[in-house]
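Analysis of the macromolecular model
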Amino acid sequence: MEFIGVLVPLAPFMMVCFIVWTKHQRKLAEMQMANTAEKAAQYASHSRELEERIRVLERIVTDGGYDTALQIEALRDKREVEEQRGTARGAAIN
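What counts, and where the lines are drawn
Residues numbered from 1 in each chain as written. Predicted model: local features only at pLDDT ≥ 70, side-chain atom pairs only at ≥ 80, totals over all residues. Heavy atoms only, no water. pLDDT = per-residue confidence, 0-100. Helix = DSSP H or I, 4+ residues; strand = E, 2+ residues; numbered from the N terminus. Salt bridge = Lys/Arg side-chain N within 4 Å of Asp/Glu carboxyl O. Buried < 20%, exposed > 50% of the residue type's maximum accessible area, 1.4 Å probe, protein only.

**Thoughts on the confidence of the model for the protein chain**
If pLDDT is low for a region, its predicted coordinates should not be looked at in detail. Scored by pLDDT, the protein chain comes out at a mean of 79, with 70% of its residues at no less than 70. At the level of individual helices and strands, the protein chain shows its lowest average pLDDT in helix H3 (residues 78-93), which scores 64, and its highest in helix H1 (residues 2-62), which scores 87.

Structure follows, in structure tokens:
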């Protein structure tokens, strides 16, 4: 009986502490949700950038990307590139 007699006067203080604690937990959850949403947006943006880069690479490879590489080599040594083109075209025909 004495134990209940001590808890009765402490009950309002314990309720106030519980209310403050639940508000704090709610704020933490809201902050975590906002952070998660922000990260998801960043990942989506990064994913879009990577997809665009892959599309560019696919376009380079399928639209004569090898010829582009040969043109780059032409800047280094024109004679060497002409020989490579002849062998590359001969191999493509065969």
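Here the narrative resumes, following the displayed structure.
**Overview of the pattern of salt bridges**
Pairing between side chains of opposite charge can happen when their charged atoms approach one another. Under the defined criterion, the tally for this structure stands at 2 salt bridges. Among the ionic pairs, arginine 55 bridges to glutamate 51, the shortest N-O distance being 3.9 Å. Here arginine 55 and its partner glutamate 51 are both found in helix H1, 4 residues apart, which amounts to about one turn of the helix. Classification of glutamate 51 by relative accessible area gives partly exposed; the value is 40%. For arginine 55, the salt bridge is made with glutamate 52, and the minimal N-O distance between the two is 3.5 Å. You can see arginine 55 and its partner glutamate 52 sitting in helix H1, 3 residues apart, about one turn around the helix.

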